[in-house]
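Below are the chains, spelled out letter by letter.
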Amino acid sequence: MKNLDTAKIKNIVLTGHSGCGKTALAEALLYRAGVIDRIGKSADGNTVCDFDPEEIKRKYSINLSLASFEYSDYKINLLDVPGLLDFAAATNEGLYAGDTVIICVSAKSGVHVGTIKAYQAAKKLNKHILFVVTKIDDPNQDFYTVLNSLKEHFGASVCPVIVPEIENNQFKALVHLGRMKSYTYDKKGASVAADAAGIVLNDKEGITADSLMDGLSEAVAETDDALMEKFFEGEPFTQEEISHGIHEAMRTGRAMPVFTVSCTNPAGCDLLLEFLKYMPDPSTAAALKATDKAGKDIEVKVDASAPLSAFVFRTVADPFVGKMSFIKVITGTLTPDKDLVNATTGATERVGKLYTMLGKKQTEVTSAVAGDIVVATKISASTGDTLCDAANVVSYAKVEYPNPTYRMAVKASKQGDEAKISGGLQRLLEEDQALSFGLDTTTKEQILAGLGDQHLDVVKAKMKSKFGVDIVLEEPKIAYRETIRKKTDKVQGRHKKQSGGHGQFGDVWIEFEPTDSESLVFEEKIFGGSVPKNFFPAIEKGLQDSVKKGVLAGCPVVGIKATLLDGSYHPVDSSEMAFKIAASLAFKEGMKQADPIMLEPIGSLTVTIPDANTGEIMGDLNKRRGRVLGMEPAGDGITVIQAEAPMREMHDFTMYLRQVAKGMGEYTFEFLRYEPLPSNLLDEVVASVKSDEEEE
Ligand SMILES: Nc1nc2c(ncn2[C@@H]2O[C@H](COP(=O)(O)OP(=O)(O)OP(=O)(O)O)[C@@H](O)[C@H]2O)c(=O)[nH]1
Ligand SMILES: [Mg+2]
């Protein structure tokens, strides 16, 4: 592929609800552009973008794919992202790299949470938006209802440009409102044009092409004073004015054009491809937030004439090819074999080879100009790092990622594979910023956290296929504690054993009482040397060992103070070991007398949800023994609930919230403190803790 000017590059990200046809649209566009000679299908596992074995197996996208191709004399970088919320990290990376966001909407199922999320994300990042209604060939298409729903959700700037002609509920042709031409398609997606003036678009509802033109004309008129005057005087626009006006309206954010396609029997892909040429180029995209060398906040626009700066927005850890870094060049030109500064780490970096991608196919290139998206292999930079010329040190703001709240304990199914697990997961963490892995120091379990069950299921499958390790995912243990509620009288612990030669003798009287300190507090108040000083450390050690396992369920004991009051010893038979044992006997007896209870961890919860879900979530938190502390409107139909809830009740909250709030909810949940476990749960908890121990 030849090297191009920034103005000839179009970075287009395909977003939308899962299953709405993003991967299929990429396929259809590549076919119409002559890049591939047949259209693959996700269901057949033969598309350009869903090439990962896990995508082929599951028949949906889990990764961000880049399909770069030439069309006319433009380079189009298509980014196909997953629609499933479990893989939102890849979606966010695609949104970062794309300049124009195509939001795909199925003509059959319409606006869903994925559509709304894509829109919100695109707006937040100031991206240009284009709606593409897919599946127009489907017998159950309902285009004009979907169009109305788009207007209801996203406002008056939704502006139909290519709409279908529907006869007897079936798709017949596409009408380009700007040209007032109707296009009928053959099986290869080639079209024949005819005049569309006066055409009825939907025989059932009597919608005409002329009636839809009004919205388009208004959007065009708003782009220019002279056009506005013409519009008010009722004069028709010329073809050129309309065409220029649509592009201008989109560039300035006044209009979000709506296109219609079939991806499987390609229709409308020719018109869409043509339109893509007029998409804003990277230099006119919104400026990126960054910090300069001195740490000052700045904004940077894509600019080929400035010294090099480039952002690593995705990393793939391939066990065979090595590390692949997806890079968007922001300023200057990226070329191999030049020393660069990694502004994030301070390291010097050298890019060996650069590639342009078509799904999994790599083609080497010699340089990449500002605005372009390429892949470098085997560099040490990580996702989120900025590479730059020493003369222009700048760090771009990182992509925002969702919080991994779905936690599972990860174990090796085969003993001895533990090291392989952390090795493999470290590699997967490099490519997935919504995954976290680490030791829960309270339960001593390795915890893998992600965005949902499908996310972790894919991680499990990748561990097997990429690193040959079988992992088991289990509900994480809860770090229960035990404590006491009453002060005891002094309790005796006496250890006496006479076996052959030397005997063993240790005797202590200890008083136990509750305290605020989490770890054991030990004091001694021995008078008259009833226990010699040199045995005190052994007694304390005996107690320290004992508090590791309480008498109820064997959980660590917190909030306990032990005071050594008295005891006796034997000049020959007493030893450190004997006093250690005596202390542990006193502890066991003391715990029983001190009204022991179980404590459970309580977490602090912040839930962000649409207002409409508030009642249901509050009811659910109540069932989870949660305490709602406050509820506040956060604007835009969003409510924030602050609550506290026991950790043992919250394991499935991620999946629950997703289901209730239809993917529009978020939350954070962090350990706060311990509280007494309600007595009705004691037997159940003791049994579960003991059975966990037996397993180990
Ligand atoms: N009839 C018809 N089927 C389509 C069209 N577009 C997509 N499909 C089918 O819809 C299903 C989902 O399409 P995909 O392209 O995989 O959907 P996606 O948006 O990439 O889904 P995710 O990767 O999960 O986000 C597949 O079976 C496609 O063949 C279309 O225009 N017409
Ligand atoms: Mg897909």
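All values reported here derive from a predicted model rather than from experimental measurement.

K.L.:
I'd like to hear about the overall build of the protein, residue by residue, with values.
P.N.:
Along the protein, the regular secondary structure elements total 16 helices and 39 strands. Projected onto its principal axes, the C-alpha coordinates of the protein cover approximately 115 × 60 × 45 Å. Out of the 696 residues belonging to the protein, those deemed buried represent 45%.

K.L.:
Could you give an account of helix α12 (residues 536–546), with specific residues and numbers?
P.N.:
Those residues of α12 that fall on the buried side of the exposure criterion are Ala538, Ile539, Gly542, Leu543 and Ser546. For α12, the arc enclosing every buried residue in end-on projection is 140°, short of the 170-degree limit, so these residues lie on one face. On the buried face of α12, the contacting elements are β33 (503–514), β34 (521–524), β35 (560–568) and α13 (576–593).

K.L.:
Give me the lowdown on the site of ligand 1, citing residues and values where you can.
P.N.:
Around ligand 1, the surrounding shell holds 23 residues, and the nearest of these are Gly21, Ser42, Tyr60, Ser61 and Gly83. Looking at the shell around ligand 1 element by element, the count peaks at three residues for helix α1 (residues 22–32). Residues that form the shell around ligand 1 fall into these classes: seven nonpolar, eleven polar and five charged.

K.L.:
Quick rundown of the sheet that holds strand β28 (residues 436–440)? Include the residues and the values.
P.N.:
Here we have four strands laid out as an open sheet, ordered β28-β29-β27-β30, and antiparallel in their pairing. Across the chains shown, the open sheet's two edge strands, defined by having one partner strand only, are β28 and β30 (471–474). The average angle at which neighbouring strand axes cross in this sheet is 40°, direction not considered. Bridging between β28 and strand β29 (residues 445–450) involves five bridges; their strand directions are antiparallel. Residue aspartate 440 lies in a different strand from β29, and its bridge partner there is glutamate 445. Here helix α10 (residues 418–431) sits on the sheet and contacts β27 (406–412), β28, β29 and β30; the angle it forms with β27, its principal contact strand, is near 140°.

K.L.:
Describe the sheet that holds strand β14 (residues 288–292), with residues and values.
P.N.:
With antiparallel pairing, three strands are arranged side by side in an open sheet as β15-β14-β26. At either margin of the open sheet sits one strand with a lone partner, and together these are β15 (297–300) and β26 (394–396). The average angle at which neighbouring strand axes cross in this sheet is 40°, direction not considered.

K.L.:
Let's hear about the nonpolar core: which residues, and what values?
P.N.:
Counting 144 residues, the largest nonpolar core has Leu14, Leu25, Phe131, Val132, Phe259 and Val261 as its most contacted members. If you tally residues by element for this core, the top one is α1, at seven residues. Those residues in contact with leucine 14 that lie beyond four places of it in its chain are Lys22, Leu25, Ala26, Leu78, Leu79, Asp80, Val81, Ile102 and Cys104.

K.L.:
Outline the domain arrangement of the protein, supporting the account with residue identities and numerical values.
P.N.:
For the protein, the domain assignment lists domain 1 (8–210 + 255–284), domain 2 (292–396), domain 3 (406–477), domain 4 (482–594) and domain 5 (600–695). Each of domain 1 and domain 2 has a C-alpha centre, and these two points are 29 Å apart. Counting residues at the interface gives 19 residues for domain 1 and 16 residues for domain 2. Tallying contributions element by element places strand β2 (residues 65–71) first for the side of domain 1 that touches domain 2, with five residues. Residue composition of the side of domain 1 that touches domain 2, by class: twelve nonpolar, five polar and two charged.

K.L.:
Mind laying out the packing of α10 against helix α11 (residues 453–467), listing which residues take part and the relevant values?
P.N.:
Axis separation between α10 and α11 bottoms out at 10 Å; the angle between their running directions is 110°. Overall, the two elements α10 and α11 adopt an arrangement that is roughly perpendicular. Touching Lys420, Gly424 and Leu428 of α10 are Val459, Lys462, Met463, Lys466 and Phe467, all from α11. Of the residues in the contact of α10 with α11, the class split is four nonpolar, one polar and three charged.

K.L.:
Kindly report on the environment of isoleucine 609, identifying the contributing residues and their values.
P.N.:
When you line up the elements, isoleucine 609 lands in strand β36 (residues 596–610). A C-alpha to C-alpha distance of 8.6 Å links isoleucine 609 and tyrosine 667, two positions 58 residues apart in sequence. When neighbours within four sequence positions are excluded, isoleucine 609 is seen to be in contact with Thr614, Ile617, Thr639, Ala661, Met664 and Gly665.

K.L.:
Any chance you could break down the packing of helix α6 (residues 209–221) against helix α7 (residues 225–232) for me, citing the residues and the numbers?
P.N.:
With their axes 8 Å apart at the nearest point, α6 and α7 run at an angle of 145° to one another. Contact residues: Ser217, Glu218, Val220 and Ala221 in α6; Leu227, Met228 and Phe231 in α7. Of the residues that constitute the contact of α6 with α7, the class distribution is five nonpolar, one polar and one charged.

K.L.:
Residues and numbers for the pairing of strand β7 (residues 162–167), please.
P.N.:
Strand residues, when the strand is regular, have side chains that alternate between the two faces of the sheet. Burial runs high along β7: five of the six residues are buried. What sits between the antiparallel neighbours β7 and strand β8 (residues 170–176) is a turn of two residues, in which asparagine 168 has the positive phi angle 50°.

K.L.:
Lay out helix α3 (residues 88–97) with the relevant residues and their values.
P.N.:
Burial of α3 is extensive: ten of the ten residues sit out of reach of the surface. Those residues of α3 not exposed but buried are Ala88, Ala89, Ala90, Thr91, Asn92, Glu93, Gly94, Leu95, Tyr96 and Ala97.

K.L.:
Hey, could you go over unusual backbone geometry for me, with residue numbers and the actual values?
P.N.:
Its identity as a non-glycine residue notwithstanding, lysine 378 has a phi of 55°, on the positive side. Relative to the elements of secondary structure, lysine 378 occurs in the loop between β24 (373–377) and β25 (386–388). When the 12 C-beta atoms within 10 Å are taken as the criterion, lysine 378 is described as exposed. Of note in the backbone geometry, lysine 444 takes a positive phi value of approximately 65° without being a glycine. When you line up the elements, lysine 444 lands in the loop between β28 and β29.

Quick notes on the rules
Residues numbered from 1 in each chain as written. Chains lettered and ligands numbered in written order. Predicted model: local features only at pLDDT ≥ 70, side-chain atom pairs only at ≥ 80, totals over all residues. Helix = DSSP H or I, 4+ residues; strand = E, 2+ residues; numbered from the N terminus. Buried ≥ 20, exposed ≤ 12 C-beta atoms within 10 Å, placed from the backbone. Arc of directions from axis to C-beta. Contact = placed C-beta atoms within 7 Å. Near = placed C-beta within 6 Å. Nonpolar A, V, L, I, M, F, W, Y, C, P; charged D, E, K, R; others polar. Pairing = 2+ DSSP bridges. Axes fitted to C-alpha atoms, helices over the stretch in contact; angles between N-to-C directions. Core = buried A, V, L, I, M, F, W, Y, C linked by C-beta atoms within 7 Å. Domains from an automatic or database assignment. Parallel < 35°, antiparallel > 145°, perpendicular 65-115°, else oblique.

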